[in-house]
Amino acid sequence: MVDLPAIEAAIVAIYPGHGIQFVRNDAKGFNNLFDIVSVQIFKFCRSKCHKNFKMKRNPRKVKWTKAYRSLLGKDVTQESDLKLERKRNRPERYDRNLMRDILDSIRHNDRVESHKAERHSLKKLEANKHRREKEKQKELQQDISLISALALLLEPSLSPPKINVKISQAQLEENLPMEE
């Protein structure tokens, strides 16, 4: 595998013999053979990356790129703990300190992933809460005439006044229903 420069937009590693290379020559005139020429080499994993480069798109603003994901903190491939956790093709001698470091890094990565998942779910809930509030405001604006009519009915100044009347115990007994 070939290491990718930081400017790459590629998501995967580029194996030798694959992809497209673009060489940019920024020479500012040649007076003799010993002038220093600055050359930039860009490696693209597929034509999609190459076409976006030719259209002068910024990889940090295109959502599917590695640069965008690392900018938002979603990409964890740069963490040194993942190097300890990766598979190796050759067997290694047992080393107690290395094993402890590997187990610690696995626990740390699990905590990081669970924290990211929790943060993601909270962000989704917050977005849904904001959307529900907007829907409630829209419904309120549409049905404001019904609410204002109800408010007029419930307003105490428009309802008939209530009169308090004192009734004696004898009048209460007279008005009781008769049993048959």
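For the structure itself, consult the block above.
This write-up is about the structure you can find in this document. Source: prediction; values computed, not measured. (Residues numbered from 1 in each chain as written. Predicted model: local features only at pLDDT ≥ 70, side-chain atom pairs only at ≥ 80, totals over all residues. Heavy atoms only, no water.)

**Let's talk about the pattern of salt bridges**
Pairing is possible between side chains that carry opposite charge, provided their charged atoms lie close to one another. Considering all chains together, one arrives at two salt bridges under this definition. Across the salt bridge formed by Asp104 and Arg107, the nearest N and O atoms sit 3.0 Å from each other. Here Asp104 and its partner Arg107 are both found in helix α4 (residues 96–142), three residues apart, which amounts to about one turn of the helix. A salt bridge links Arg131 to Glu135, with the shortest nitrogen-to-oxygen separation between them at 3.1 Å. Residue Arg131 and its partner Glu135 are located together in helix α4, separated by four residues, close to a single helical turn. The class of Arg131 is partly exposed, set by a relative accessible area of 42%. Taking the relative accessible area as the measure of exposure, Glu135 reaches 45% and is therefore partly exposed. (Salt bridge = Lys/Arg side-chain N within 4 Å of Asp/Glu carboxyl O. Helix = DSSP H or I, 4+ residues; strand = E, 2+ residues; numbered from the N terminus. Buried < 20%, exposed > 50% of the residue type's maximum accessible area, 1.4 Å probe, protein only.)

**Notes on the packing of aromatic side chains**
Summed over the entire model, instances satisfying the criterion amount to four aromatic pairs. Consider the rings of Phe44 and Phe53, whose centres lie 5.0 Å apart with planes at 50°: the pair is tilted. Residue class for Phe44 comes out buried when judged on its relative accessible area of 4%. By the ring-pair criterion, three or more aromatic residues cluster together here, those being Phe22, Phe42, Phe44 and Phe53. The positively charged end of Lys48 is found above the aromatic ring belonging to Trp64, 4.1 Å away from the centroid. (Phe/Tyr/Trp six-rings, centres within 6.5 Å; stacked < 30°, edge-to-face > 60°. Lys NZ or Arg CZ within 6 Å of the ring centre and 35° of its normal.)

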